[in-house]
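For reference, the chains in residue letters:
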Amino acid sequence: MRQHRLALCQDHFLEWVPQQVQRAIEKFHMFGPGERVLVAVSGGKDSLGLWDILLRLGYPAEGLYIHLGIPDGDYSEVSQERVGRFAADRGAPFRVVNVAAEYGMTIPEVSRRKRGRSTCGTCGLVKRHIMNQVACEGGYAAIATGHNVDDEAAVLFQNALHWATGYLARQAPVLPASHPRLARKVKPLIRLYEREMAAYALVRGIDYIYEECPYSRRATTLFYKDLLNQLEERSPGAKQQFYLSFLQARQQGRLLPAEVSEVEMGECTRCGQPTTAPELCAFCRLWELESAD
Amino acid sequence: MKIIYRDKVWELKGRTTVRDAIKKVGLHPEAVLAVLDGKLITDDVIIAGDDTVKLISVVSGG
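All values reported here derive from a predicted model rather than from experimental measurement.

Undergrad: Honestly, the sheet that holds strand β3 (residues 94-98) of chain A in this entry has me stumped. Any pointers?
TA: For sheets, the rule is that strands pair by backbone hydrogen bonds, running either parallel or antiparallel. Residue and element names in this part refer to chain A. Spatially, β3-β2-β1-β4-β6-β5 is the arrangement adopted by the six strands of the open sheet, whose pairing is mixed. Each edge of the sheet is formed by a strand with only one pairing partner; in this case those strands are β3 and β5 (174-175). One ladder, built from three bridges, connects strand β1 (residues 37-41) with strand β4 (residues 142-144); its direction is parallel. Looking across to β4, one finds that Val39 is bridged to Ala144. Docked against the sheet, helix α3 (residues 75-90) engages β1, β2 (61-67) and β3, running at close to 165° with respect to β2. Taken strand by strand, helix α6 (residues 119-138) contacts β1, β2, β3, β4 and β6 (185-186), and its axis lies near 145° from that of β2.

Undergrad: Is there a simple way to think about the interface of chain A and chain B in this case?
TA: The extent of an interface is frequently quoted as the accessible surface area lost upon association of the parts. Facing the 25 residues of chain A at the interface are 18 residues of chain B. Overall, the association of chain A and chain B removes approximately 1,800 Å² of surface from exposure, summing both partners, and the carbon and sulfur fraction of that is 52%. When the buried area of chain A at its contact with chain B is split by residue, Arg195(A), Asn229(A) and Glu233(A) rank highest and sum to 34% of it. Where chain A touches chain B, the interface holds four salt bridges. With its nearest N and O atoms 3.0 Å apart, the salt bridge here joins Arg195(A) to Asp43(B). In this assembly, chain A and chain B are joined by 10 residue pairs in polar contact (both at pLDDT 80 or more). Where the side of chain A that touches chain B is concerned, the elements lending two or more residues are α2 (45-56), α9 (194-204) and α10 (220-234) of chain A. For the side of chain A that touches chain B, the leading source of residues is α10(A), giving seven residues. Classifying every residue of the side of chain A that touches chain B gives nine nonpolar, five polar and 11 charged.

Undergrad: What is the right way to look at the layout of surface pockets in this model?
TA: Using a probe with the size of a water molecule, rolled over the atoms, empty space left in the structure can be pinpointed. Taken as a whole, the second largest pocket holds about 630 Å³ of empty space. Looking at the second largest pocket, it is lined by 22 residues, and the ones nearest its centre are Met1(A), Leu6(A), Arg195(A), Thr42(B) and Asp43(B). Where the lining of the second largest pocket is concerned, the elements lending two or more residues are α1 (10-27) and α9 of chain A together with β5 (39-41) of chain B. Here the element with the most residues in the lining of the second largest pocket is α9(A); it accounts for four residues.

Undergrad: Teacher, can you tell me more about the sheet that holds strand β2 (residues 8-11) of chain B here?
TA: Strand order in the open sheet formed by five strands is β2-β1-β7-β4-β5 (chain B), and the pairing between neighbours is mixed. Of all strands in the sheet, those with a lone pairing partner are β2 and β5 of chain B, marking the two edges. Within this sheet the neighbouring strands show an average axis-to-axis angle of 30°, counted without direction. Direction of pairing for strand β4 (residues 32-36) of chain B relative to β5(B): antiparallel, over a ladder of three bridges. Opposite Ala34(B), over in β5(B), you have Ile41(B) as the bridge partner. With respect to the sheet, α9(A) is in contact with β4, β5 and β7 (52-57) of chain B, its orientation differing from that of β4(B) by roughly 30°.

Undergrad: Just to check I follow, could you spell out the confidence of the model for chain B for this structure?
TA: Note that predicted coordinates carrying low pLDDT should not be read in detail. Residues and elements named next belong to chain B. Scored by pLDDT, chain B has a mean of 92; 97% of the residues are at 70 or more. Element-level pLDDT for chain B is lowest in β5, with a mean of 92, against a maximum mean of 96 in strand β6 (residues 46-47). Interface confidence for the predicted complex, given as ipTM, is 0.91, next to a pTM of 0.92.

Calculation notes
- Residues numbered from 1 in each chain as written.
- Chains lettered and ligands numbered in written order.
- Predicted model: local features only at pLDDT ≥ 70, side-chain atom pairs only at ≥ 80, totals over all residues.
- Heavy atoms only, no water.
- Pairing = 2+ DSSP bridges.
- Helix = DSSP H or I, 4+ residues; strand = E, 2+ residues; numbered from the N terminus.
- Contact = heavy atoms within 4.5 Å.
- Axes fitted to C-alpha atoms, helices over the stretch in contact; angles between N-to-C directions.
- Buried area = accessible area lost by both parts, 1.4 Å probe.
- Salt bridge = Lys/Arg side-chain N within 4 Å of Asp/Glu carboxyl O.
- Polar contact = N/O pair within 3.5 Å; in protein donor to acceptor, adjacent residues only side chain to side chain.
- Nonpolar A, V, L, I, M, F, W, Y, C, P; charged D, E, K, R; others polar.
- 1 Å grid on protein atoms, 1.4 Å probe; cavity = no way out; pocket = protein on both sides within 12 Å on 5 of 7 lines; lining within 4 Å.
- Points joined across faces, edges and corners; volume = space filled by probe spheres on them.
- pLDDT = per-residue confidence, 0-100.

In structure tokens form, the structure reads like this:
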């Protein structure tokens, strides 16, 4: 690990990774010992690795798999099988929400119907809604996602290129539950590189899905990740420094006001989830669901 | 030695470090992991002869 000037054998590496996660959980006050955490799992290395680490650290971590109905090579089916096997091997509880079964259409189908909205944008909206719903109804302390340093640095790079101050103000390891029906969101992997998470999954023998989601292959995030990796090659630690320095500068008010004014949120007239829209939230509008009134 | 990445295969001659082999085939050392005989190997390992190294992408997008 050139960025840490550290070389570890497999046994010590398997101890070091959970230590990094525990440090992030404590430093950013993500959740406490014994608190139930809902891990959003896709079947990939980051989310399954995160789930494995949280279980090893002794947290009651339960999985949520959202079946998106991506047909290419049975992508969603194969991913669900991997998640199911992982959970069964560890005796860890997990639940599945099948988008097509719940709402009548898969993600590719609903996004084809809604012109002007990208498949990835639709997918993000649906996943956020379902994660929040399951976490609030289940009384979990937080939703944990597998975002790592590379993911966060790529988003930061994109937001900085556009000086998207609204997004820059809110990009954080913890998104608090700022509304009674909004679950807390945490990113316990923010001290770890993508490469370290892949190595962790391989060394732990986690059977994760290698293939990329077919819709993300052209994602701009991948381009930004490539650029950042070129930077990392020249200057080991650059990705981590870019992201962690940003968090520090913002916290100290050197970048943006340290306290960001909260956006006024109402509740969706159908599902009751928080929204800035006057009646139906974006999720209910997507599916053209009727108002409860 | 043979370098395999997804559906591509490269044949390289001589002795080289994993890191240099990754660069030679046009990939980024930060973006892949190397596996030899089913075991993860580090960048500084020397490969040669009949070694077959499988490279695994670590980058996920979206």
